[in-house]
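# Report on the structure
Read off the chains here:
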Amino acid sequence: MDLATFLKLELKNFLGRKAVLATVVCLLLAGVYGMFYGKNVLNNQAEIITQVPKFQAEHFDKQLELNKDDLGNALYYLQHSTIHEPSSWAAFSIGQRDVNPFIVKVSMLTLEGQLYDSEMSNPKNLLYGNFDLAFVFVFLFPLLIIAFCHNLISAEQESGVWNLLRSQPVSVRKIIGWRLLIRFVTVLLMSFGLIAASCFYHASAFDIRFSYALLIALVYLGFWFALTAFVISLEKSSIFNALSLLGVWIFLTILAPALLNLAISTALPVSESFELTIKQREGYHQKWDKPKAVTMQLFYEKYPQYRDFPIPEDKFSWGWYYAAQYMGDLESSDATANYLKKLELRDSWTNQAALLLPTVNTQMSFNRLSQNDLQGHLDYLASVRQFHTKLREHFYPFIFHNAKTEEVDWKKLPQHEFKDEKQKAKLPQTVFGVLAFAFLFGFAAWRNLRNLLS
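Residues numbered from 1 in each chain as written. Predicted model: local features only at pLDDT ≥ 70, side-chain atom pairs only at ≥ 80, totals over all residues. Heavy atoms only, no water.

Notably, E235 is not glycine yet its phi reads approximately 65°, a positive angle. As for its placement among the helices and strands, E235 is situated in the loop between α10 (208-232) and α11 (238-267). Its identity is not glycine, yet Q371 carries a phi of approximately 60°, on the positive side. Residue placement: Q371 occurs in the loop between α16 (358-370) and α17 (374-400). According to the relative accessible area criterion, Q371 is buried, its value standing at 4%. (Helix = DSSP H or I, 4+ residues; strand = E, 2+ residues; numbered from the N terminus. Buried < 20%, exposed > 50% of the residue type's maximum accessible area, 1.4 Å probe, protein only.)

Spelled out as C-alpha cells, the structure:
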C-alpha cells in the first residue's frame, strides 16, 4: 500500500466516524455560542453607552436649573461621563471588560475616589467566567485534540494490528506523522474558520490583529498536539494516555491559574488602595482645620496665575474649596503612584509566570489582542485623569472670577475620548513561550517515536 492510498483510507476512516463528526459539530456549535455570547456582552454595554449622552444632558439641565445662581454649587453636583469605547475585537475575548468599569463619571471633586466607583457584578457570573470564543480555544479545543489523538498508537497495539502496520512499505513513523497531521489540519481549519466567522459576525477589522489571532491559535493548538504526541509516544495504554492528558488539561486550565492568582495576590497585596483612600480624604478634610492661606499657598505653587484673586479667611469661598479638593489629590499622588505601580507589577509577574503556563499565556494574549486586559483598563483610567485635569483647569477661571452659571458656554466643555481601536495592536511576545514548549514536546515525541520504531 503506497502513501497516497493510505492517506485516502485514513481520511475516509477518520472523517467517516460518527463520533468524530458529532464532536466536530459540538465544538463548532460551542464556537458559535461563544461568538454570540461575546457579542451579547458588548451589545449590552453598547446599549448603556448610547444612553449616556441623553442622561447626561438631562442631568446637566436639571442641575443648571437648580443652581443657576451658584456656579460653585452646580460644579459640585455636575458629573461628566467618560466612556471606555471597546475595540472591534473586544467581543472575541471579554477579558476584564465585564469586571472593570467602562463608564466612569467624574466631577470637580477629588478624583481617585471616583475612578473606582463601579456597578456591582453578579458573583455567580464572575465565578463561571465568560463563554466567549477565546474560552472555546483555550479550554475546549485541547479536549478535542486529546479525543482525536490519545490512542493513535495504543489503539493499534491493543487491537493487534500494530505488527501489520509495521509490515507495510510505508514506515510506521510516517503513518503516525500523517495521522497527526490530518488531525492537526482538521482542527486548524476549524479554528481558523471560527476566527474568520467571528470577524464577520462581530464586524471586527480584518487588520494585523486577524493575523495575530491566527498565529496565537496556531501556536497554542500546536502545543497541545506536540504534548499529545509526546504522551502517546511513551507507548502506554489508551486509558493511561487519556487520563494523563486530562490531568495535564485540568492542571493547566484550572489549578495552575488559580494557584498563580493566589500566589501573586499573596506576594503583592494591593494595600495601597486603602492607603490611597485614607490619604485622599485626609488631604481634603484636614484643610477645613487649617488657615485658608496655607491651602492656597500650596495651590498657587501649581497655578500661580490665580495669586491675585483674594480668598477670604472669614468665610467660605468656592475658590478655596476646589483648591482644597485638588490638594487632596495632590497629597495622595504618591499613594496613587504606588498603587498603579503595584498593579503593573502584578501584571508583569503574571506575564512572566505565564511563560510556563501555555493556557494562561494564550488567554492573556487573546485579552491583549482584544485590548480587554489590565493594561487596557489602566490606559483608560489614565485618560480619565487627563480629562479631569482639563476639566478643572477649564473651570478655574470661572470659579476665581466668581462667574455666574449663565456665563459658562456649556456647549464648549472639554470632551473625553478613549477608543481601544485607536491603540496600536502588537503581537504579545509571550506567545513565543508557548512556541518553545511546542517545539520541546514535539522534539521529545519525535525522538521517542524514532526509538520506538527503530
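For any two helices packed against each other, one specifies the crossing angle of their axes together with the interaxial distance. Two numbers describe how helix α6 (residues 133-149) lies on α16: the axes approach to 10 Å, and their chain directions differ by 165°. Judged on the interaxial angle alone, α16 and α6 are roughly antiparallel. By crossing handedness, the relation of α6 to α16 is classed as right-handed. Residues A134, F137 and V138 of α6 form the contact with α16, whose own contacting residues are T359, T362, Q363 and F366. Looking at side-chain class alone, the contact of α6 with α16 contains four nonpolar, three polar and no charged residues. (Axes fitted to C-alpha atoms, helices over the stretch in contact; angles between N-to-C directions. Parallel < 35°, antiparallel > 145°, perpendicular 65-115°, else oblique. Left-handed = near helix turned anticlockwise from the far one by under 90°. Contact = heavy atoms within 4.5 Å. Nonpolar A, V, L, I, M, F, W, Y, C, P; charged D, E, K, R; others polar.)

With that out of the way, let us pick up the side chain of H377. With respect to the helices and strands, H377 occurs in helix α17. Residues in contact with H377, not counting those within four places in the same chain, are H84, N100 and P101.

A word on the packing of helix α14 (residues 318-331) against α17. With their axes 10 Å apart at the nearest point, α14 and α17 run at an angle of 160° to one another. Judged on the interaxial angle alone, α17 and α14 are roughly antiparallel. Relative to α17, the crossing made by α14 is left-handed. On the side of α14, the interface is formed by W318, G319, Y322, Y326 and D329, while α17 contributes H388, R392, Y396, I399 and F400. The residue makeup of the contact of α14 with α17, split by class, is six nonpolar, two polar and two charged.

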